[in-house]
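Coordinate analysis (summary)
Chain by chain, the residues run as shown.
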Amino acid sequence: MPHLFDAIRSAVAAEQFALTDHADNRLRERNIELWQVIGEIDNAWLIAERPADLPNPSVELQLSLPDGTPVKVIWAWVEIHRLALLVTVHYLDDWP
C-alpha cells in the first residue's frame, strides 16, 4: 500500500471519502464547510502517519482554510472499502 497520506489524498480526489458523525458535528460546531477541508488537502502538511491506529490507520494533517485559518485534521484509511474517512477537524487553539 502507498503511504497513507498518498492513499487518502487520492481517494479524496476521486470523491471516495466519507465523514464520521463526530467530524460532521465538529465541522458544524466550528462553522467550517466540508469543501474547505477537501479543497485544501493537496496543500496540507503531514504531521504524522499512524499505520497502527485502530480500527483504521490514520494521518494527522495541518492545513489552512481558504481564509488562512489553520486547522488540524485527522483522516483514516478504510482499506476494505479503499475509502478515506474524515475523523475530526479542530482549530489549532482547541486541539487536545
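Overview of the structure.

Cut-offs applied
- Residues numbered from 1 in each chain as written.
- Predicted model: local features only at pLDDT ≥ 70, side-chain atom pairs only at ≥ 80, totals over all residues.
- Heavy atoms only, no water.
- Helix = DSSP H or I, 4+ residues; strand = E, 2+ residues; numbered from the N terminus.
- Rg over C-alpha atoms; globule rule 2.2 N^0.38 Å.
- Buried < 20%, exposed > 50% of the residue type's maximum accessible area, 1.4 Å probe, protein only.
- Lys, Arg positive; Asp, Glu negative; His and termini not counted.
- Salt bridge = Lys/Arg side-chain N within 4 Å of Asp/Glu carboxyl O.
- Contact = heavy atoms within 4.5 Å.
- Polar contact = N/O pair within 3.5 Å; in protein donor to acceptor, adjacent residues only side chain to side chain.
- Pairing = 2+ DSSP bridges.
- Arc of directions from axis to C-beta.

In terms of regular secondary structure, the protein is built from three helices and five strands. When the helices and strands of the protein are listed from N to C terminus, the series reads α-β-α-α-β-β-β-β. Taken over C-alpha atoms, the radius of gyration comes to 12 Å for the protein, in line with the 12 Å a tight globule of 96 residues would show. Seen along its three principal axes, the alpha-carbon backbone of the protein occupies a region of about 35 × 25 × 20 Å. Relative to its 96 residues, the protein shows a buried fraction of 40%.

Now for the side chain of E40. As for its placement among the helices and strands, E40 is situated in the loop between α3 (34-39) and β2 (45-50). Despite its burial, E40 remains without a salt bridge, the nearest opposite charge being carried by R9 at 11 Å. Setting aside residues up to four positions removed in sequence, E40 forms contacts with L63, S64 and P66.

Bringing the side chain of T88 into the picture now. Note on placement: T88 falls in strand β5 (residues 83-91). Side-chain polar atoms of T88 contact the side chain of H22, separated by 3.0 Å. The residues contacting T88, other than those within four sequence positions of it, are H22, A23, R26, K72, V73 and I74.

Summarising burial for strand β4 (residues 70-78): eight of the nine residues are buried, a large majority. With seven bridges joining them, strand β3 (residues 58-64) and β4 adopt antiparallel strand pairing. Note on β4: the bridge partner recorded for E60 is I74. The turn joining β3 and β4, which pair antiparallel and follow one another in sequence, is formed by five residues; a positive phi near 95° is taken by G68. Where β4 and β5 come together, eight bridges link them in antiparallel fashion. Directly across from K72, in β5, lies its bridge partner H90. In this structure, the hairpin formed by β4 and β5 is closed by a connection of four residues, where R82 is found at a positive phi of approximately 50°.

Those residues of helix α2 (residues 21-29) that sit buried are A23, R26 and L27. Here the buried residues of α2 occupy an arc of 100° about the axis, which is enough to place them on one side. Turned more than 90 degrees off the buried face of α2, the exposed positions are D21, R28 and E29. Where α2 is buried, its residues meet β1 (17-19), α3 and β5. Residue N31 follows α2 closely and has a positive phi angle near 55°.

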